[in-house]
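Examining the three-dimensional arrangement
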Amino acid sequence: MITGSTKLLGVIGYPVEHSLSPMMHNAAIAQMGINYLYVPLPVKPENLADAMRGFEAIGLVGFNATIPHKQAIIPLLTSVSDLAQAVGAVNTVCRTEQGWMGTNTDVQGFLAPLQGITRDWANAEVVVLGNGGAARAVVAGCAQLGVGHVHVVGRQLEKVQAFQTSWHESPLKVAISAHGWNAIDALLPNASLIVNTTPIGMYPHGNASPLSQHQLAKLSPGAIAYDLIYTPRPTQFLQDAQAVGAIALDGLEMLVQQGAAALELWTQQPAPVNIMRATLEQHLAQRMGH
Ligand code: NAP
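All of the points below concern the structure found in this document. Treat the numbers as computed from the prediction; the structure is a model and nothing was measured.

Observations regarding the site of the ligand
The local shell around the ligand holds 21 residues, among which Asn131, Ala134, Gln156, Thr197 and Gly251 are the closest. Measuring from an oxygen atom of the ligand, one finds a backbone N or O atom of Asn131 at 2.8 Å. Measuring from an oxygen atom of the ligand, one finds a backbone N or O atom of Ala134 at 2.7 Å. The fraction of the free accessible surface of the ligand (930 Å²) that becomes covered by protein chains is 76%. Every element with two or more residues in the shell around the ligand is listed here: helix 5 (133-145) and helix 10 (252-267). Its residues assigned to classes, the shell around the ligand shows 11 nonpolar, 8 polar and 2 charged.

Some words on helix 11 (residues 273-287)
The first and last C-alpha atoms of helix 11 sit 21 Å apart over 15 residues, in line with the 21 Å expected at 1.5 Å per residue. Of the residues making up helix 11, those classed as buried are Val273, Met276, Thr279, Leu280 and Leu284. Summarising the axial view, the buried residues of helix 11 lie within an arc of 135°, below the 170-degree limit, and thus occupy one face. Pointing more than 90 degrees away from the buried face of helix 11 are the exposed residues Asn274, Gln282 and Gln286. Where helix 11 is buried, its residues meet helix 1 (21-32) and helix 10. One or two positions beyond helix 11, positive phi appears at Gly289, with a value near 80°.

Observations regarding unusual backbone geometry
A negative phi angle characterises most non-glycine residues, just as the trans form characterises most peptide bonds. Residue Pro68 is reached from Ile67 by a cis peptide bond, and omega for that bond is 10°. One can find Pro68 in the loop between strand 3 (62-65) and strand 4 (79-80). A positive phi is found at Gln268, a non-glycine position, where the angle reads about 60°. Tracing the chain through its elements places Gln268 in the loop between helix 10 and helix 11. We classify Gln268 as exposed; its relative accessible area is 65%.

Concerning the pattern of salt bridges
Applying the stated criterion across every chain yields a total of 5 salt bridges. Measuring nitrogen to oxygen at the nearest pair gives 2.8 Å for the salt bridge that ties Lys70 to Asp106. On the criterion of sequence distance, the pair formed by Lys70 in the loop between strand 3 and strand 4 and Asp106 in helix 4 (residues 106-111) is long-range, its members being 36 residues apart. What makes Lys70 partly exposed here is its relative accessible area of 22%. Judged by relative accessible area, Asp106 falls into the buried class, the value being 11%. One salt bridge connects Arg233 with Asp250, and the closest N-O pair in it is separated by 2.7 Å.

Digging into the packing of aromatic side chains
A complete count under the given rule lists 5 aromatic pairs for this structure. A ring pair is formed by Phe55 and Phe63, whose centres lie 5.1 Å apart and whose planes are at 55°; its orientation type is tilted. Residue Phe55 is classed as buried on the basis of its relative accessible area of 7%. Classification of Phe63 by relative accessible area gives buried; the value is 0%. Geometrically, the ring pair formed by Phe63 and Trp100 is edge-to-face, given 5.4 Å between the ring centres and 75° between the ring planes. Linking Phe63 in strand 3 with Trp100 in strand 6 (residues 100-103), this pair joins segments that are 37 residues apart in sequence. Owing to a relative accessible area of 5%, Trp100 belongs among the buried residues under this scheme. Among the aromatic side chains, those forming a connected cluster through ring pairs are Phe55, Phe63 and Trp100. Between the NZ or CZ atom of Arg136 and the centre of the ring of Phe163, over which it lies, the distance is 5.2 Å.

About the cut-offs
Residues numbered from 1 in each chain as written. Predicted model: local features only at pLDDT ≥ 70, side-chain atom pairs only at ≥ 80, totals over all residues. Heavy atoms only, no water. Near = heavy atom within 4 Å. Polar contact = N/O pair within 3.5 Å; in protein donor to acceptor, adjacent residues only side chain to side chain. Areas by Shrake-Rupley, 256 points an atom, 1.4 Å probe, with all protein chains shown as cover. Helix = DSSP H or I, 4+ residues; strand = E, 2+ residues; numbered from the N terminus. Nonpolar A, V, L, I, M, F, W, Y, C, P; charged D, E, K, R; others polar. Expected span 1.5 Å × (residues − 1). Buried < 20%, exposed > 50% of the residue type's maximum accessible area, 1.4 Å probe, protein only. Arc of directions from axis to C-beta. Contact = heavy atoms within 4.5 Å. Salt bridge = Lys/Arg side-chain N within 4 Å of Asp/Glu carboxyl O. Phe/Tyr/Trp six-rings, centres within 6.5 Å; stacked < 30°, edge-to-face > 60°. Lys NZ or Arg CZ within 6 Å of the ring centre and 35° of its normal.

Following this line, the structure appears as structure tokens:
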């Protein structure tokens, strides 16, 4: 029940209507029995600084940032965690006595489903498809795992090279190389993990895949195929990878775990991860008509 002392959380984005975070967080809040409310906050890029002053004025406890604010918000924050600085993006903001503190829980979210799989990461090669914001969290996660080498593959070689260069100054140490899309066939046989960070294959384009079945057949048995997309479940990419013996991971757990990590920062209480996961699974199954 919303009362006079309900505390506010939210997500800023533009657009923000598609966000599953309000549903996930409010289910968690209900389970925790705490007096919070998590709301969608549509903020146009040009209004970000004004919105932040408004959040300060009304005492918002914290918020998530999604596209297009993940990078733009950094100069408006009082402090930014080392990890968020290394990633170059903030997805979680907390109000502190000193001011707004930004961090990045996507890295933790990305790593969560890999934690249960034993791998010799120091000798592993990872192939990352795409070089956008999510790819940055993936590379930071690979650095934390101590991955031997990360190959980033993109459709615009200059952008991939700029992405690679940006890691040279980072405190996170990672061996990284940049490739055009045509390098994929040669990289796949040695990949322990391949991560799709492009939107190819996302609903409503569920028949599309970043790689052909023929290409995925080059994966070694036991390789991990990880798609950051969570709708449809599974994606074509994951279906095809599973058909050649790969371990398939989709993006739902990353979404759940980045949210749980944020909620724990705001409330200083354990987040009910199972409720958050079940809420999203139920919603996505309904949306896909199952
Ligand atoms: P982004 O910053 O826009 O990056 C998208 C990347 O995909 C860019 O490198 C882009 O290439 C590439 N790309 C797009 N279309 C392509 C195509 N047809 N062929 C080859 N490459 C293509 O987006 P993002 O924020 O990184 O998000 C990417 C995906 O990750 C989305 O599907 C998003 O839903 C998912 N995601 C999931 C989670 C989760 O919690 N599970 C979290 C974050 C993101 P160019 O650079 O050449 O344009």
